[in-house]
Amino acid sequence: MRDLGAESEDLAPGAELMEGASTVLGLPDHRRREALSDLGRPLALGLFAAMARLRAFDERAVILQRQGVIGTYPTYFGEEAIQAGSVLALKDHDWLFPTYRQNSVVVLRGCPPEVPLLLWRGNPAGWHDVHRLHTAPVCVPVATNYPHAVGAAWGSRLLGEETVALAYGGDGSTSEGDFHEACNLAAVVGAPAIFLVTNNQWAISTPLRLQTRVERIADKASAYGMPGVRVDGFDVFACHLAVREAAARARRGDGPTLVEAVGYRLGPHGTADEPSLYRDPESARRWGPWEPLGRAAAALVDAGLASPEELGELRADAAAEMRQAGDRLQGFPLPSLEDVASRVYRETPWTLRRERLREPTYLEEG
Amino acid sequence: MPAGVTMVEAVGRALGQVLDDDPRAILLGEDIGVNGGVFRATAGLQARFGPDRVVDTPLSEAGFVGAAIGMCLVGLRPIVEIQFDAFVYPAFEQLASHAGRFRWRTNGAYGLPMVIRIPYGGGTKAPELHSDSPETLFSHTPGLRVVAPSDPLSAGEMLVAAAACGDPVIYMEPKRLYRRGRAEIPDRFQPSSLDRAQVVRPGADVAILAHGAMVEVALEAAERLADEGASVRVVDMRSLYPLDRETLLRTAREVGRVVVVHEAPRHSGVAAEVAAILQEEVADHLLAPVLRVTGMDMPFPLFQLEDQALPSVSRVVRTARAALEY
Ligand SMILES: Cc1ncc(C[n+]2csc(CCOP(=O)(O)OP(=O)(O)O)c2C)c(N)n1
Ligand SMILES: [Mg+2]
């Protein structure tokens, strides 16, 4: 009945899917240990700690959704390596352009975790400080953030600054026109941009094979005359190095890079999604061992860079941080609708002024 | 199990009927196949009609809406699902620059028999850009018809009519009503008129005009006003382009006091057009200014504030009272 994209062997985890993907964790033991000590303990542990915070945020958000404290929520369980690896590969003044799926990367830039949680609670206090954090607001319409990153990168270059801009997206996003226009524009003008595509094999219920007929999203880069690289998206060290290299290229003036982080969407699309309707639950289970925190922890311990206790403590601290952030949500002040209406234009036109909104046809009370 | 079907089930049945009746009909959209669409409107249809007639497209609204136009040229009759209201924006160019102009470009000879289904509107506690009411963008775009049902039966009848129409129809589905109530439906939907409003409650003192999810709000407001002794007529506009001029004028002549309700922002909204037509054509019969209860001229607020932003029963009641006391 459904030939294309039906569940099949090649969705099973295996080396072939990661073919051509750079890896640290997949190296032979001695080379992996070497690579990790080259990174150095502070950075290696920093990457782990960042993943632990993202994981704790995600787990807390799912709990809060079940409790009805926040609304529908797009979990990113399993994609922490891509997010933590990339944020830590950039400088604080570089720009990030996250989607709903990277909704808490701002936390790694110093934003209090209750802020992104409040966004999913539907409170305008959930909009983070874009200019302080050099992170664009969470982007919901798929692929529309790519051109923004191009403009930020290109514009910074025109201003003589050394700023890199990184846009996140998914496998599905590469089917939208905005992705292609952004790639082309960035390459033509040599913008110091990075397109970091998380290939988790699924766009809601649509498998990769119904999305594109290239086997590797990184191959799309060649159509625009820019390098395309693949990286194991479950390997935080490899993700970090791949983005660091792309950023170095960009800063050298060598233009944009497309980075494909290969992985698998281990969870549902979001809390309202029911994957058993369209994919074999077995496949997510089989991908389970690739889960990035466990893999990183094992490698760090093996390389003698950390003890299990130390890593456990990092995770416990992160869990406590996010639990406390969640506890702050319920009493969090909600601005009035009139206040929000005054935040749409620099000079509020009469259509949104207080007097107008207190006319009987608008006013709720009374 | 309660009798009857929900609106979203009625949409699915109507789509099944169209696919059954017409081998040229084809459904396009994101996640509409095995998953049955994110709202399950197309649940079971791919199993019944196969992946060539119920097509999971790549994530590419401009692409598949544009492709629907091309399909029309070779004789197919595509029905496209947009996943959520705001995600029609990437396809806007195809609709405005091509879909609405095709018959005109062929001097009236060839139309595009396509339907664009758009689940729309607020009140579902959804994230940003999942609660927009973009109908005015299309009612302001020449060459497109724009309709919105408000109950399961009208949803089915209008959808089969839209599929048979022969010109592009923007079919706005008020998603907040998808599972609200159930209604008995016939074995087959008979196509209804696509450009007629419907009086859904008779009344003589004040008329409330609404479409989509706001019809329910208008009916509740009418009930409350009835407790105060007012006789309230409620008109489901159903067609936003063209407007049912005849029903609008008759309503104004017979009732004299008119309130128009919509979720979309007020400025240049459908209510503005209604008010303009009434003052142009039946000013003498108006006993009060035409009043509007609408969304605000701002991005639809994040959902903790949405109940305050959406037209509510109390706002409609208060506005209708103002019309009555004018
Ligand atoms: C323009 C647009 N169309 C449709 C949607 C609805 N939608 C939200 S996420 C999604 C799938 C995205 O898949 P992918 O790009 O692979 O990212 P992932 O969700 O896997 O992170 C869809 C269709 C949207 N947000 N924007
Ligand atoms: Mg994906």
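Every residue gets a number counted from 1 within its own chain, in the order that chain's sequence is written. Following the order in which they are written, the chains are lettered starting with A and the ligands numbered starting with 1. For a predicted model such as this one, the threshold for reporting local features is a pLDDT of at least 70, and the threshold for listing and counting side-chain atom pairs is 80 or more; totals across whole chains, interfaces and linings nevertheless cover every residue. The basis for every side-chain value is the complete set of heavy atoms in the structure, and neither hydrogens nor water enter the calculation.

Draft legend 1. Summary view of the domain arrangement of chain B. All names here are of chain B. Per the domain assignment, the segments of chain B are domain 1 (7-177) and domain 2 (198-325). By definition in these notes, contact holds between two residues if any of their heavy atoms fall within 4.5 Å. In this complex, domain 1 contributes 26 residues to the contact, which on the side of domain 2 involves 24 residues. Summed over both partners, the interface of domain 1 with domain 2 buries about 2000 Å², with 54% contributed by carbon and sulfur atoms. Each salt bridge in this description consists of a side-chain nitrogen of Lys or Arg and a carboxyl oxygen of Asp or Glu lying within 4 Å of one another. At the junction of domain 1 and domain 2, the tally comes to zero salt bridges. The numbering of helices and of strands both runs from the N terminus, where a helix is a DSSP run of H or I of at least 4 residues and a strand a run of E of at least 2. Looking at the side of domain 1 that touches domain 2, the elements that each hand over two or more residues are helix H6 (135-139), strand E5 (145-147) and helix H7 (152-164). Marked domain ranges trace back to an automatic or database domain assignment. The term buried area means the drop in 1.4 Å probe accessible area that two parts suffer when joined, counted for both and summed.

Draft legend 2. Looking closely at the environment of Glu176 of chain A. Following the sequence through the fold, Glu176 of chain A ends up in the loop between strand E3 (165-170) and helix H7 (177-189). In the structure, Glu176 of chain A is positioned 94 residues away from Ile82 of chain A in sequence and 22 Å away in space, judged by C-alpha atoms.

Draft legend 3. View of the interface of chain B and chain A. Contacts between the two partners involve 43 residues from chain B, matched on the other side by 47 residues from chain A. In total, chain B and chain A occlude about 3800 Å² of area from one another, counting both sides; carbon and sulfur atoms represent 60% of this. Looking at the side of chain B facing chain A, the largest losses of area belong to Leu59, Leu302 and Gln304 of chain B, adding up to 17% of the total buried there. The tally of links between chain B and chain A comes to zero salt bridges. Throughout this description, a polar contact denotes any pair of N or O atoms lying within 3.5 Å of each other; where both atoms belong to protein, one of them has to be capable of donating a hydrogen while the other can accept it, and for residues adjacent in sequence the pair is counted only when both atoms sit in side chains. Applying the counting rule to chain B against chain A returns 12 residue pairs in polar contact (both at pLDDT 80 or more). Only helix H2 (45-49), strand E12 (291-295), helix H11 (306-309) and helix H12 (313-325) of chain B provide two or more residues apiece to the side of chain B that touches chain A. Considering only residue class, the side of chain B that touches chain A consists of 19 nonpolar, 13 polar and 11 charged. As a working rule, the residues Ala, Val, Leu, Ile, Met, Phe, Trp, Tyr, Cys and Pro are called nonpolar, Asp, Glu, Lys and Arg charged, and the rest polar, with Gly in that last group.

Draft legend 4. Seen up close, the pattern of salt bridges. Summed over all chains, the structure comprises 37 salt bridges over all chains. Note that Arg358 of chain A is salt-bridged to Glu338 of chain A, the shortest N-O span being 2.8 Å. Highlighted residues: Arg358 of chain A in the segment after helix H14 (354-357) and Glu338 of chain A in helix H13 (residues 337-341), separated in sequence by 20 residues. Exposure classes here rest on a 1.4 Å probe applied to the protein chains alone. A residue is buried below 20% of its type maximum, exposed above 50%, and partly exposed in between. Assessed through its relative accessible area of 14%, Glu338 of chain A is described here as buried. Here Lys175 of chain B makes a salt bridge to Asp85 of chain B, at a shortest N to O gap of 2.7 Å. Within this pair, whereas Lys175 of chain B is found in the loop between strand E6 (169-174) and strand E7 (198-201), its partner Asp85 of chain B is found in the loop between strand E3 (77-81) and helix H4 (92-97), the two being separated by 90 residues in sequence. Among the residues examined, Lys175 of chain B registers a relative accessible area of 5% and is labelled buried.

Draft legend 5. Highlighting the site of ligand 1. Taken together, the neighbourhood of ligand 1 is formed by 20 residues, with Tyr100, Arg101, Gly172 and Ser173 of chain A together with Glu61 of chain B sitting nearest. We call a residue near a molecule or strand whenever a single non-hydrogen atom of that residue lies within 4 Å of it. Chains contributing residues to the immediate surroundings of ligand 1 are chains A and B. Here Tyr100 of chain A contributes a side-chain N or O atom positioned 2.8 Å from an oxygen atom of ligand 1. Within the contact set of ligand 1, a nitrogen atom lies 3.0 Å away from a backbone nitrogen or oxygen of Val142 of chain A.

Draft legend 6. Quick peek at empty space enclosed by the protein. Cavities and pockets are defined on a 1 Å grid built over the protein atoms alone: a cavity is a set of grid points where a 1.4 Å probe fits but cannot escape, while a pocket is an open set with protein on both sides within 12 Å along at least five of seven lines, and lining residues are those with an atom within 4 Å of any such point. Grid points are joined across faces, edges and corners, and a volume is the space filled by probe spheres set on the points. Summed over the entire model, instances satisfying the criterion amount to five cavities of 30 Å³ or more. Estimated volume of the largest cavity: approximately 80 Å³. Around the largest cavity, the lining residues are Leu119, Trp120, Gly122, Trp127, Val138 and Val140 of chain A together with Ala126, Pro127, Glu128, Leu302 and Phe303 of chain B. Considering only residue class, the lining of the largest cavity consists of nine nonpolar, one polar and one charged. By volume, the second largest cavity amounts to about 50 Å³. Lining the second largest cavity are Asn103, Val106, Cys111, Val115, Pro116, Leu119, Gly126, Trp127, His128, Pro137 and Val138 of chain A. For the lining of the second largest cavity, a count of residues per class yields eight nonpolar, three polar and no charged.

Draft legend 7. A look at the sheet that holds E7 of chain B. All names here are of chain B. Note: two strands are recorded as paired if DSSP finds a minimum of 2 bridges between them. Sheet architecture is open: five strands sit in the order E7-E9-E8-E11-E12, paired in mixed fashion. On the outer flanks of this sheet lie E7 and E12, each paired with one strand and no other. Between one strand axis and the next, the sheet turns by 25° as a mean value, whatever way the strands run. Sheet topology note: the strand E8 (residues 206-210)/strand E9 (residues 232-236) ladder contains five bridges and is parallel. Across the sheet, residue Ala207 finds its bridge partner in E9, namely Arg233. The angle between two axes is taken between their N-to-C directions and runs from 0 to 180 degrees, where each axis is a line fitted to C-alpha atoms and a helix contributes only its stretch in contact. The strands touched by H12 are E8, strand E11 (258-265) and E12; relative to E12, the strand with the most contacts, the crossing angle is about 165°.

Draft legend 8. Representation of the nonpolar core. Grouping buried Ala, Val, Leu, Ile, Met, Phe, Trp, Tyr and Cys residues that are joined through side-chain atoms within 4.5 Å yields what is termed a nonpolar core. Of all hydrophobic cores here, the largest spans 108 residues; its most connected members are Leu95 and Leu278 of chain B. By residue number, the principal contributor to this core is helix H1 (residues 7-21) of chain B, which donates eight residues. Every residue in contact with Leu95 of chain B, bar those within four places of it in the chain, is listed here: Val65, Val88, Gly100, Met114, Ile116, Phe138, Thr141, Leu144 and Ile170 of chain B. Leu39, Leu64, Leu196 and Leu305 of chain A belong to the second-largest nonpolar core, a separate cluster that totals 67 residues.

Draft legend 9. Spatial organisation of the domain arrangement of chain A. Residues and elements named next belong to chain A. For chain A, the assigned domains read domain 1 (8-334) and domain 2 (335-366). Domain 1 and domain 2 are separated by 38 Å when their C-alpha centres are compared. Of the roughly 230 Å² buried where domain 1 meets domain 2, counting both sides, 69% is carbon and sulfur surface. Counting the contacts that link domain 1 with domain 2 gives zero salt bridges. At the boundary of domain 1 with domain 2, the tally comes to zero residue pairs in polar contact (both at pLDDT 80 or more).

Draft legend 10. Summary view of the environment of Glu325 of chain B. Counting through the fold element by element, Glu325 of chain B comes out in helix H12. Between the C-alpha atoms of Glu325 of chain B and Arg257 of chain B, which are 68 residues apart in sequence, the distance is 10.0 Å.

Draft legend 11. Structural view of helix H3 (residues 61-73) of chain B. All names here are of chain B. A helix is expected to reach a length of 1.5 Å times the quantity of its residues less one. With 13 residues, H3 extends 19 Å from end C-alpha to end C-alpha; this agrees with the ideal 18 Å at 1.5 Å per step. By the burial criterion, the buried members of H3 are Glu61, Phe64, Val65, Gly66, Ala68, Ile69 and Cys72. Looking at the buried side of H3, the elements it contacts are strand E1 (25-29), E3, H4 and strand E4 (115-120). Following H3 by one or two positions, Gly75 adopts a phi angle in the positive range, close to 105°.

Draft legend 12. Region of interest: the side chain of Arg53 of chain B. Residues and elements named next belong to chain B. Here Arg53 shows up in the loop between H2 and strand E2 (54-56). A positive count includes Lys and Arg, and a negative count includes Asp and Glu. His and the chain ends are not counted in either. No salt bridge forms around the buried Arg53; measuring N to O, its nearest opposite-charge neighbour Asp22 is 6.0 Å away. When neighbours within four sequence positions are excluded, Arg53 is seen to be in contact with Leu19, Asp22, Pro23, Arg24, Ala25, Ile26 and Leu27.

Draft legend 13. Region of the structure containing the coordination of the magnesium ion (ligand 2). Residue and element names in this part refer to chain A. Donor atoms (N, O, S) are those found within 2.8 Å of the metal centre, with the cutoff raised to 3.2 Å for Na, K and Ca; water is not part of the atom list, so apparent gaps in a site can occur. The protein atoms that coordinate the magnesium ion (ligand 2) are Asp171 (OD), Asn200 (OD1) and Trp202 (O), at distances spanning 2.1 Å. Within one chain, the residues serving as donors to the magnesium ion (ligand 2) are arranged as D-x28-N-x1-W. In this pair, Asp171 sits in the loop between E3 and H7 while Trp202 sits in strand E5 (residues 202-203), placing the two residues 31 residues apart along the sequence. On the basis of relative accessible area, Asp171 is assigned to the buried category, the value being 0%.

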